[in-house]
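Residues per chain, in single letters:
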Amino acid sequence: MAIFTNQAMLSYNGRSIHSNVTTGEILEVVAVYKTAVSAGYEPGGRVTYAVSLVNSGDIAVSGFTVSDDLGGYTFDGDTLYPLSYVEGSLVCLVNGVRETVPAVTAGPPMTVSGIDLPAGGSAVLIYEAQATAYAPLGIDAEISNTVTAAGTGIAAPLTATAAVSADMAPRLSITKSVSPDTVVGNSELTYTFLIQNTGDEAGADAGVAITDTFDPVLENLMVLLNGTPMSSTGYTYDGSTGVFATDSGAIIVPAAVFAQNSDGTWMTTPGVAELTVSGTI
């Protein structure tokens with residue numbers, strides 16, 4: 001909807017008289033909607049968006065351009081973009097039928113031009129954007145980005161915004177090392193398991209468990225969790241087969257810590273849990 005005003009002027013005998021001001025309203029026949037199809041984003045992950053242009057009028061309109069600001073925000077006087085368009089991901093549907101992809105400029109901002117809308121019809125643009133190093137991280141982080149549609153037949157550009165939150169569930173990785181890597185019989189061997197969490201939630205409810213089969217079999221087992229002896233109620237070990245397993249949830253991996261660097265990029269310091277298992281062979 002757009003409001004317009006108009007006023008006339010009457011001139012005679014060197015005098016000027018203004019009329020009253022008239023006010024009118026333009027009801028747009030084109031509307032734009034934007035939806036984040038993905039539930040959330042993670043570092044380096046992708047988000048799928050759908051932008052709908054709906055023409056409720058009985059006349060076709062053409063030459064539309066849709067621009068996505070890719071979530072640009074101001075940081076220390078600069079504009080940073082937490083999203084980047086994924087080349088080749090755009091799909092265009094007109095009245096539900098897949099059409100030739102319009103011209104795309106990756107940007108930022110990402111721009112799609114040459115979109116035609118049939119009378120009483122619609123066009124839907126579906127595309128992917130990838131989280132960049134400038135995508136906010138943390139439990140309350142989100143990316144809010146806006147599309148602007150402009151073209152023939154509309155009085156003013158149309159906008160629509162979608163927000164997507166960071167998906168910061170526990171994301172765990174594990175590495176294993178052995179010391180020493182050369183050992184003689186009847187001597188001590190130590191396995192170290194390093195678990196890292198790059199998510200914003202601790203792995204308390206993730207049911208974290210480690211299983212391994214030691215070959216050669218270890219005797220006189222000693223188990224440390226973060227340098228502290230682990231209770232034998234927190235793990236099981238079969239000395240005849242070498243099968244070792246921690247109980248589900250016995251290992252809690254703390255959440256990562258996130259911070260924004262001076263250049264605007266985000267840094268992740270993983271939460272860490274360390275399990276060491278030593279024994280003689």
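Shown above is the structure to which this text applies.
Residues numbered from 1 in each chain as written. Predicted model: local features only at pLDDT ≥ 70, side-chain atom pairs only at ≥ 80, totals over all residues. Heavy atoms only, no water.

Draft legend 1. Quick look at the overall build of the protein. Broken down by element type, the protein carries 0 helices and 25 strands. Relative to the globule expectation of 19 Å for 281 residues, the C-alpha radius of gyration of the protein, 30 Å, shows a markedly less compact shape. For the protein, the proportion of its 281 residues judged to be buried stands at 37%. Sequence separation of at least 24 residues holds for 66% of the intrachain contacts in the protein that already meet a minimum separation of 6. Accessible surface computed for the protein: about 14,800 Å², of which carbon and sulfur atoms make up 52%. Of the charged side chains in the protein, 6 are positive and 27 negative, and the gap between their average positions amounts to 13 Å. (Helix = DSSP H or I, 4+ residues; strand = E, 2+ residues; numbered from the N terminus. Rg over C-alpha atoms; globule rule 2.2 N^0.38 Å. Buried < 20%, exposed > 50% of the residue type's maximum accessible area, 1.4 Å probe, protein only. Contact = heavy atoms within 4.5 Å. Areas by Shrake-Rupley, 256 points an atom, 1.4 Å probe, with all protein chains shown as cover. Lys, Arg positive; Asp, Glu negative; His and termini not counted. Charge placed at Lys NZ, Arg CZ, Asp CG, Glu CD.)

Draft legend 2. Just the packing of aromatic side chains, in detail. By the definition in use, this model includes 6 aromatic pairs. Taking 6.1 Å as the distance between ring centres and 35° as the angle between the ring planes, the aromatic pair formed by Tyr 49 and Tyr 127 counts as tilted. Residue Tyr 49 is found in strand E4 (residues 46–55), and its partner Tyr 127 is found in strand E13 (residues 122–131); the two are separated by 78 residues along the sequence. Note on accessibility: Tyr 49 and Tyr 127 belong to one class, buried. Both rings, one in Tyr 235 and one in Phe 244, keep their centres 5.5 Å apart while their planes meet at 35°; by these two values the pair is tilted. (Phe/Tyr/Trp six-rings, centres within 6.5 Å; stacked < 30°, edge-to-face > 60°.)

Draft legend 3. Representation of the pairing of strand E25 (residues 271–280). For E25, a buried count of 8 out of 10 residues is recorded, marking the element as mostly surrounded by other parts of the structure. When strand E17 (residues 188–197) meets E25, the two strands line up antiparallel, connected through 10 bridges. Its bridge partner lying in E25, Glu 188 is registered against Thr 280. The pairing of strand E19 (residues 219–225) with E25 spans 5 bridges and is classified as antiparallel. If you follow Leu 225 over to E25, its bridge partner there is Leu 275. (Pairing = 2+ DSSP bridges.)

Draft legend 4. Region of the structure containing the sheet that holds E17. Taken together, 5 strands build an open sheet; the order of strands is E16-E17-E25-E19-E20 and the sheet is antiparallel. Looking at strand neighbours, the two that pair on one side only are strand E16 (172–179) and strand E20 (228–229), the edges of this open sheet.

Draft legend 5. Summary view of unusual backbone geometry. Put simply, Gly 107 and Pro 108 share a cis peptide bond, and its omega is 15°. Of note, Pro 108 is situated in the loop between strand E11 (103–105) and strand E12 (110–117). The residue after Ser 179, namely Pro 180, is reached through a cis peptide bond having omega -10°. Secondary-structure assignment places Pro 180 in the loop between E16 and E17. Its identity is not glycine, yet Asn 95 carries a phi of approximately 50°, on the positive side. Considering the arrangement of structural elements, one finds Asn 95 in the loop between strand E9 (91–94) and strand E10 (97–99). The class for Asn 95 is partly exposed, based on a relative accessible area of 47%.

Draft legend 6. Layout of the environment of Asp 69. By secondary structure assignment, the location of Asp 69 is in the loop between strand E5 (61–68) and strand E6 (73–75). For Asp 69 and Asn 145, which are 76 residues apart along the polypeptide, the C-alpha to C-alpha distance reads 6.0 Å. Ignoring sequence-local partners within four residues, the contact set of Asp 69 consists of Tyr 81, Pro 109, Asn 145 and Thr 146. Among the polar contacts listed, one links the side chain of Asp 69 to the backbone nitrogen of Gly 71, at a separation of 2.9 Å. Within the structure, Asp 69 has its side chain in polar contact with the backbone nitrogen of Thr 146 (distance 2.9 Å). (Polar contact = N/O pair within 3.5 Å; in protein donor to acceptor, adjacent residues only side chain to side chain.)

Draft legend 7. Focus on the pattern of salt bridges. Overall, the coordinates contain 3 salt bridges when judged by the stated rule. Between Glu 128 and Arg 46 there is a salt bridge, and its shortest N-O distance comes to 3.1 Å. Of this pair, Glu 128 sits in strand E13 while Arg 46 is found in strand E4, placing the two residues 82 residues apart along the sequence. Glu 128 gets classed as partly exposed once you look at its relative accessible area, which sits at 23%. For Arg 46, a relative accessible area of 46% translates into the label partly exposed. Note that Lys 176 and Asp 212 form a salt bridge whose closest N and O atoms lie 2.5 Å from each other. With Lys 176 in strand E16 and Asp 212 in strand E18 (residues 211–213), this pair connects stretches of sequence that are 36 residues apart. (Salt bridge = Lys/Arg side-chain N within 4 Å of Asp/Glu carboxyl O.)

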